Amino acid sequence: MPKLNDLSRSLTRLDPDGTLIAVIEMSQWSWLVAGIVPGVERQPLKKLAVDESALLNLLDRWRMESEKAGRKIARIAVAFEAGRDGFWLARWLRAHGIEAYVIHASSVAVSREHRRAKTDRLDTELLKRAFLGWLRSERDHCKMVAIPTTKDEDAKRPNRERENLVGEQTRIVNRMKAALIRLGIRGFNPKLKKAAGRLEELRTPEGEPIPPNTLAELRRDMERRRLISDQIRQIEDARLERIEQAPGDGPHAMVRLLARVIGVGIETADMLVQEVLARNMRDRRAVARYAGLTGSPDESGTKRREKGLARSGNARVRRGMIQLAWRFLMFQKESALAQWFRARTETTRGTRKTMIVALARKLLIALWRLVREGVVPDGVVLRPAR
């Protein structure tokens, strides 16, 4: 059974004479592959087009070179940084019998010089140094990213698409309001069902109707907003249908349990489960760190200060938890967490924004324990199970 801290260091003993190591610096149009080939003095560097088959052929050629030099290759390990290409290449390489790892980009140490040289060749050297330390089982030398399955990645798409659509809908509404305000028209709500029919009745302060080009633009924006609203509704209906079809499925059961907490809606519950709670986290510190809700202290000698949130985790989880923390204070006033927050902010001015982050961190850990261990936070009221 794999351990939960497998990503902090390699658990397989490194045999330098039997392991072919390669790192890839990936860009949109090309891949720069750097290798460490046993028995070959030079460290090869090859630029490829974005072609997984060419990469496989290159690794096979390096393996044959090593075997000609008298080394028997029993292991091929490849690593690259997490980025735009995602995880498909790692899954594809593993399907072809090659160990593939994805390095967390922020864990690769770089020079602190103000104007440091940066090229793809230098980046591959940094990746090789980090990857070698990880393969030697040096703890926390660099961090690897968990490689999700295609199903896991696909499960995140509805929530993320809905978030993008809501943002686009807000931008359209704001643009329509701004167009009307430029004409001196205020108090008109373009989100109402009968808003399109009322555009002809609107008048400027001079008593003039809306100019024709502006009127045509507003009508097109209303049609676009209506389409986006329908798409949001389709996403929400499809999610409810999936949960009803398989209520006992792991993530679906977590969503249904979270939605029982008064103040937590189905949308927030689904986002938290798909983004963080369904992952195999080592402990509560890992949960808070993944959400970016931990601090970033700055200590040197006698200097002691806090630079604020690290913000190195999942931004969606961080935003959602801070919003949920404010709602939690409204709907769960008698809970131990809400009382803890009030006790620390009632007598001290200017601490609510700071303490709400601490409350969001504590609340996330409490919800993680709820879905993992079934431990209901003290004083939290649940809706009846359906």
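Everything below is about the structure printed above this text.
Below or above, wherever it landed, is the structure these notes cover. Since this is a predicted model, take the numbers as computed values, not measurements.

### Brief notes about the overall build of the protein chain
Helix and strand counts for the protein chain stand at 12 helices and 8 strands. Whereas a compact globule of 386 residues would reach a radius of gyration of roughly 21 Å, the protein chain reaches 27 Å, over 25% beyond that. Nonlocal contacts in the protein chain, meaning residues at least 24 apart in sequence, comprise 60% of its contacts between residues at least 6 apart. Of the roughly 22900 Å² of accessible surface on the protein chain, a fraction of 49% belongs to carbon and sulfur atoms. Side-chain charges of the protein chain comprise 76 positive and 49 negative groups, with the mean position of each set lying 5 Å from the other.

### Here's the deal with the environment of Arg239
Checked against the element boundaries, Arg239 lands in helix H6 (residues 212-245). For the pair Arg239 and Leu32, spaced 207 residues apart in the sequence, the C-alpha separation amounts to 41 Å. When sequence neighbours within four positions are dropped, the list of residues in contact with Arg239 reads Ile266, Glu267 and Asp270. Here Glu267 takes part through its side chain, which lies 2.5 Å from a polar atom of the side chain of Arg239.

### Details of the packing of aromatic side chains
Tallied over the entire structure, the rule returns 5 aromatic pairs. Between Tyr101 and Trp134, the ring centres sit 4.7 Å apart and the planes meet at 55°, which makes this aromatic pair tilted. On the criterion of sequence distance, the pair formed by Tyr101 in strand E5 (residues 99-103) and Trp134 in helix H3 (residues 120-135) is long-range, its members being 33 residues apart. Across the pair, exposure class does not vary: Tyr101 and Trp134 are buried alike. Between Phe131 and Trp134, the aromatic rings sit 6.3 Å apart at their centres with planes inclined by 20°, giving stacked as the arrangement. Of this pair, Phe131 and Trp134 both sit in helix H3, 3 residues apart, which is roughly one turn of the helix. Taken as a pair, Phe131 and Trp134 share a single burial class, namely buried. An aromatic cluster is built from Tyr101, Phe131 and Trp134, whose rings are joined through pairwise contacts.

### Digging into a positive patch on the surface
Together, Lys143, Arg284, Arg285, Arg289, Arg344 and Lys362 give the surface a local cluster of positive charge. It is helix H9 (residues 284-290) that contributes the most residues to the positive patch, 3 residues altogether. Secondary-structure assignment places Lys143 in the loop between H3 and strand E6 (144-145). Residue Lys143 is classed as partly exposed on the basis of its relative accessible area of 44%.

Rules behind the numbers
- Residues numbered from 1 in each chain as written.
- Predicted model: local features only at pLDDT ≥ 70, side-chain atom pairs only at ≥ 80, totals over all residues.
- Heavy atoms only, no water.
- Helix = DSSP H or I, 4+ residues; strand = E, 2+ residues; numbered from the N terminus.
- Rg over C-alpha atoms; globule rule 2.2 N^0.38 Å.
- Contact = heavy atoms within 4.5 Å.
- Areas by Shrake-Rupley, 256 points an atom, 1.4 Å probe, with all protein chains shown as cover.
- Lys, Arg positive; Asp, Glu negative; His and termini not counted.
- Charge placed at Lys NZ, Arg CZ, Asp CG, Glu CD.
- Polar contact = N/O pair within 3.5 Å; in protein donor to acceptor, adjacent residues only side chain to side chain.
- Phe/Tyr/Trp six-rings, centres within 6.5 Å; stacked < 30°, edge-to-face > 60°.
- Buried < 20%, exposed > 50% of the residue type's maximum accessible area, 1.4 Å probe, protein only.
- Patch = residues over 30% accessible without salt bridge, like charges linked within 9 Å, V, L, I, M, F, W, Y side chains within 5 Å.
- Salt bridge = Lys/Arg side-chain N within 4 Å of Asp/Glu carboxyl O.

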